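# Examining the three-dimensional arrangement
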Amino acid sequence: LVGSEMCIRDRLVSALNFFAIRKSQAAPDAKFNFGYAKLEALAAMFEGVLIVGAGAFIFYESVRKLQTEQAPVDTAFSLYAMALSVAVTGLLVAYLSRVARRTRNLIVRADALHYKSDLFSNLAVIISLLIIKFSGFVMIDAIFGIVISGYIAQSAISLGKDAFGVLLDHAASPEVTAEIIKMIKAKQRISDFHYLNTRQSANAIFLTLHLVFDKDISLYDAHKISDEIEAAIRAKYGELEWQITTHLD
């Protein structure tokens, strides 16, 4: 029951992710000066909707199954098939999760989530089949289906919130902003700063700020200090792509 719609969904999602990743990495052009990175968030939101839909379908079928008479289950064949599926899916989830942590790519994270939902669903099927084999309690399949549907929906909603934040240009984390301010205040020739704004799009952070220098400083020295701050930010957070625009006052 839990895995009945997975094959078609997996093919559709994988095809979507393939084209979305390729396009999101395209270089900026005259029409889209900041590139296509937000396609990551759009694809992740779409995939989140599909995953929620899958969870709703599993929930509906589970409830319906609780209300109908259950047919005998061939547990031996089903256990072998599900064990193979768990092994393959587990390797895929491990790989995608590692890539998602390294790249912070929302599409890869969404793909890891949908295969993780498959993995947990398959594990639930194995557990329910074992229970059916030794106890004959066939209703456990539907009960596990309801539990898994809740997990799938909750995970997809969390992913959708992160994707929505990217589309709305959410700021960098407070910890990153605080560290940038600390770097600015460490420079002696800077008397003040303002208009420090950040927005994060996928793995790129766009930072703009105004630096106020002593009035007798040369333009060369002011630029040098500004460059040092930018270099320190990139060195501190090398896993992120930085687009920094600094105005010198």
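Residues numbered from 1 in each chain as written. Predicted model: local features only at pLDDT ≥ 70, side-chain atom pairs only at ≥ 80, totals over all residues. Heavy atoms only, no water.

## Points about helix H2 (residues 39-66)
The first and last C-alpha atoms of H2 sit 40 Å apart over 28 residues, in line with the 40 Å expected at 1.5 Å per residue. Of the residues making up H2, those classed as buried are Glu 40, Ala 41, Ala 43, Ala 44, Glu 47, Gly 48, Ile 51, Ala 54, Gly 55, Ile 58, Glu 61 and Ser 62. (Helix = DSSP H or I, 4+ residues; strand = E, 2+ residues; numbered from the N terminus. Expected span 1.5 Å × (residues − 1). Buried < 20%, exposed > 50% of the residue type's maximum accessible area, 1.4 Å probe, protein only.)

## Details of empty space enclosed by the protein
Summed over the entire model, instances satisfying the criterion amount to one cavity of 30 Å³ or more. Roughly 30 Å³ of volume is contained in the largest cavity. If you trace the largest cavity, you find it lined by Leu 209, Leu 211, Ser 226, Ile 229, Glu 230, Ile 233, Ile 244 and Thr 246. Contributing elements (two or more residues each) for the lining of the largest cavity: strand E2 (204-213), helix H7 (219-236) and strand E3 (241-248). A total of four residues in the lining of the largest cavity trace back to one element, the largest contributor, which is H7. (1 Å grid on protein atoms, 1.4 Å probe; cavity = no way out; pocket = protein on both sides within 12 Å on 5 of 7 lines; lining within 4 Å. Points joined across faces, edges and corners; volume = space filled by probe spheres on them.)

## What to know about the pattern of salt bridges
For side chains bearing opposite charge, pairing can occur when the charged atoms are close. Scanning the model with the defined rule gives five salt bridges in all. Across the pair Glu 228 and Lys 187 runs a salt bridge whose closest N-O atoms are separated by 2.9 Å. On the criterion of sequence distance, the pair formed by Glu 228 in helix H7 and Lys 187 in the loop between helix H6 (174-185) and strand E1 (190-201) is long-range, its members being 41 residues apart. Lys 187 gets classed as partly exposed once you look at its relative accessible area, which sits at 24%. Taking the shortest distance from any N to any O, the salt bridge between Arg 189 and Asp 214 comes out at 3.5 Å. Placement of Arg 189 in the loop between H6 and E1 and of Asp 214 in the loop between E2 and H7 is noted, with a sequence separation of 25 residues between them. Look at Arg 189 and you get partly exposed, because its relative accessible area is 31%. Several salt bridges converge on common partners, so that one network encompasses Arg 189, Asp 214 and Asp 216. (Salt bridge = Lys/Arg side-chain N within 4 Å of Asp/Glu carboxyl O.)

## With respect to the environment of Phe 18
Within the element layout of this structure, Phe 18 appears in helix H1 (residues 6-24). Linking Phe 18 and Val 108, residues 90 residues apart in sequence, is a C-alpha distance of 9.8 Å.

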